[in-house]
Amino acid sequence: MALKIGIVGLPNVGKSTIFNALTKTRSANVENYPFCTIDPNIGVVQVPDTRLDNLSKIYNPVKTVHTVIEFVDIAGLVKGASVGEGLGNKFLSHIRECDAVCQVIRMFVNSNIVHVEGRIDPRSDLQTINTELILADLQSIEKRIQKVSKMAKSNDKELKHQLDILLSVKRGLEAGELGADTGGYNFFLLTQKPFMYISNLSETDIPKFDIIKQKASLGLNEDDILIPVSATLDAELIGFSDEEREEYLQEIGITNSGLDNVITAAYKKLGLITFFTAGPKEVRAWTVRKGATAPEAAGVIHTDFQKGFICAETIKYKELIEAGNEVRARENGCLRREGKDYIVADGDIFHFRFNI
Ligand code: GDP
């Protein structure tokens, strides 16, 4: 399963423009990803990785396959969504299915494009969206509180404890905190998902963007992820080759388009790492969560690989590149044999041994 990032934000902030630019510029050939969802609102996007390109140069395979994440264009959030305004509940259920939430905040000014609240106020927009999600979470927490308090009448200590936790989460939400900030308990709330933010700017404002200042003015924490993007600029770049894009961006004084940053930031925010498989037929990048074991990584490729796992032969990416090819890396003693408790490191190149 590819991980899903939901793109949310008020109407007319540039969500669809960003979604289109992401999915057209970095779209993956879905034939390689039979597990991905086919839906017009879901884009399967390649995770850029120069290591994969370098491995391809070494192995010269028939096929090079990136790892992917899915972006979901979630329409319909307006003030009152938590009580059914706009697409209301439908909107919220789409977010529930996502692994992370990426909020687009409008910072571009254009009087021809109506702002739903009639003014550009990024901080207030951000709060409007988060408030709707918090209100939806409050409903879920209240339902749980009702259920648990009925059961807790029997003086069960465990249930009383759970009730206390629920009540403290409720207080946090009522004070405007995200679920993620209300303590270490996971109640699968919308606001307990990883959040990240995109500020959609005019292209002329991109070089001037001061990330620390902007986070402060939006009321975000220092470690929150905020990525400057110019949706219209990225829309213009659809169809450009990588080289053309780079050249064009250099000309207008921008180091990169922001879209790649969105993809890699999402990948990081979700705590994901990449491992590779490499051979003459295919060089391929795969995704696992940080902390996954070798058999779990094998299971990403095929459940049978995990069931019949014997061992993983691994070479570190860096050592392979230094050796120049796999034969020399083996001669240098860079190939290690790892068992079922081995924790995957980012950049491992694996050959799995299994028996089925
Ligand atoms: P959504 O409702 O959030 O999905 O917003 P859209 O992506 O449909 O964009 C709404 C309108 O704003 C469209 O006409 C876009 O072309 C325009 N727009 C989006 N991003 C920008 C931007 O960065 N600058 C300017 N000037 N217009 C933009």
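Residues numbered from 1 in each chain as written. Predicted model: local features only at pLDDT ≥ 70, side-chain atom pairs only at ≥ 80, totals over all residues. Heavy atoms only, no water.

### Section: the pattern of salt bridges
Quick note on the threshold: Salt bridges, as used here, are contacts in which a Lys or Arg side-chain nitrogen is within 4 Å of a carboxyl oxygen on Asp or Glu. In this description a helix means any DSSP run of H or I spanning at least four residues, a strand means any run of E spanning at least two, and both kinds are numbered starting from the N terminus. Categorising residues by exposure relies on relative accessible area from a 1.4 Å probe, with only protein chains included: less than 20% of the type maximum marks a residue as buried, more than 50% marks it as exposed, and the intermediate range marks it as partly exposed.
On inspection of all chains with the given rule, the structure shows 15 salt bridges. For R26, the salt bridge identified is with D260, shortest N-O distance 2.7 Å. One end of the pair, R26, is in the loop between α1 (15-25) and β2 (42-46); the other, D260, is in helix α9 (residues 259-269), and 234 residues separate them in sequence. Given a relative accessible area of 14%, R26 falls into the buried group. D260 gets classed as partly exposed once you look at its relative accessible area, which sits at 25%.

### A few points about the packing of aromatic side chains
We count it as follows: Only rings of Phe, Tyr and Trp enter the pairing, Trp through its six-membered ring, and a pair is recorded when the two centres are within 6.5 Å. The plane angle decides the type: under 30 degrees is stacked, over 60 is edge-to-face, the rest tilted. A ring is scored as having a charge over it whenever the NZ atom of a lysine or the CZ atom of an arginine sits within 6 Å of its centre and within 35 degrees of its normal.
Scanning the entire structure with this criterion turns up 10 aromatic pairs. Geometrically, the ring pair formed by F275 and W286 is stacked, given 6.5 Å between the ring centres and 15 degrees between the ring planes. Within this pair, whereas F275 is found in strand β8 (residues 272-278), its partner W286 is found in strand β9 (residues 282-289), the two being separated by 11 residues in sequence. An identical accessibility class is assigned to F275 and W286; each is buried. Judged by centre distance (5.5 Å) and plane angle (65 degrees), the rings of F275 and F350 are edge-to-face. Residue F275 is found in strand β8, and its partner F350 is found in strand β12 (residues 348-354); the two are separated by 75 residues along the sequence. Per residue, the accessibility class of F275 equals that of F350, and both read buried. An aromatic cluster is defined as three or more aromatic residues linked by ring pairs; in this entry it consists of F275, W286, F309, Y342, F350 and F352. The aromatic ring of W286 is capped on one face by R284, whose charged end is 4.2 Å from the ring centroid.

### As for the site of the ligand
Note the following rule: For this purpose, a residue is taken to be near a molecule or strand whenever a single non-hydrogen atom of the residue falls within 4 Å of it. Polar contacts here mean pairs of N or O atoms no more than 3.5 Å apart (in protein, one a potential hydrogen donor and the other a potential acceptor; neighbouring residues in sequence count only if both atoms are side-chain atoms). Per-residue and other accessible areas follow the Shrake-Rupley method at a 1.4 Å probe size, with only the shown protein chains counted as cover for residues.
Around the ligand sit 15 residues, and of these N12, K15, S16, T17 and N200 come closest. Taking S16, its side chain carries an N or O atom lying 2.8 Å from an oxygen atom of the ligand. One of the side-chain nitrogen or oxygen atoms of T232 is found 3.5 Å away from a nitrogen atom of the ligand. The protein chains hide 74% of the 580 Å² of surface that the ligand would expose on its own. Of all elements in the fold, only α1 and α7 (231-236) reach the threshold of two or more residues within the shell around the ligand.

### Digging into the pairing of strand β6 (residues 195-200)
What counts here: Two strands pair under a simple rule: DSSP has to find at least two bridges between them. Assignment of crossover handedness uses the view with strands pointing away from the viewer, where a clockwise path from the first strand over the helix to the second indicates a right-handed crossover.
Counting buried positions along β6 yields 6 of 6 residues, so the element is predominantly enclosed. Side chains of β6 alternate between two faces, with F195, Y197 and S199 and M196, I198 and N200 buried alike. Both strand β5 (residues 100-106) and β6 contribute to a ladder of 6 bridges, which runs parallel. Bridge pairing links I105 to S199 in β6. The sheet contact formed by β6 and strand β7 (residues 226-229) spans 4 bridges and is parallel. By the bridge assignment for β7, N200 is matched with V229. Regarding topology, helix α6 (residues 211-218) serves as the crossover connection from β6 to the parallel β7, and that connection is right-handed.

### Notes on the sheet that holds β6
To keep things clear, this is the line we draw: Working convention: axes come from line fits to C-alpha atoms, limited for helices to the stretch in contact. Angles between N-to-C directions cover 0 to 180 degrees.
Spatially, β2-β4-β1-β5-β6-β7 is the arrangement adopted by the 6 strands of the open sheet, whose pairing is mixed. The sheet is open, and its two borders are formed by β2 and β7, each paired with just one other strand. Strand-to-strand, the axes of this sheet are offset by a mean angle of 25 degrees, without reference to chain direction.

### Here's the deal with the confidence of the model for the protein
Interpretation of the predicted coordinates at a detailed level should be avoided for regions scoring low in pLDDT. Where we set the bar: The score called pLDDT rates the predictor's confidence residue by residue, from a low of 0 to a high of 100.
Per-residue confidence for the protein averages 89 on the pLDDT scale, and 96% of its residues sit at or above 70. Looking over the protein, one finds the lowest element-wise mean pLDDT in helix α3 (residues 88-96), namely 79, and the highest in strand β10 (residues 309-316), namely 97.

### A short note on the packing of helix α4 (residues 122-151) against helix α5 (residues 157-174)
To describe two helices that pack against each other, one gives the angle between their axes and the distance between the axes. Worth spelling out the cut-off: Small angles under 35 degrees read as roughly parallel and large ones over 145 as roughly antiparallel, with 65 to 115 read as roughly perpendicular and the rest as oblique. Less than a right angle of anticlockwise turn of the near helix away from the far helix marks a crossing as left-handed, whereas a clockwise turn marks it as right-handed. Whether two residues touch is decided by their heavy atoms; if any such pair falls within 4.5 Å, the residues are in contact. Under the scheme applied, nonpolar residues are Ala, Val, Leu, Ile, Met, Phe, Trp, Tyr, Cys and Pro; charged residues are Asp, Glu, Lys and Arg; polar residues are all the others, including Gly.
The contact between α4 and α5 brings their axes to 9 Å, and the two run at 160 degrees. The angle between α4 and α5 places the two elements in the roughly antiparallel class. In this structure, α4 crosses over α5, and the sense of that crossing is left-handed. Here I134, D137, L138, I141, E142, R144, I145, V148, S149 and M151 of α4 come into contact with α5, specifically with L159, Q162, L163, L166, L167, V169, K170, L173 and E174. Here the contact of α4 with α5 is composed, by residue class, of 12 nonpolar, 2 polar and 5 charged.

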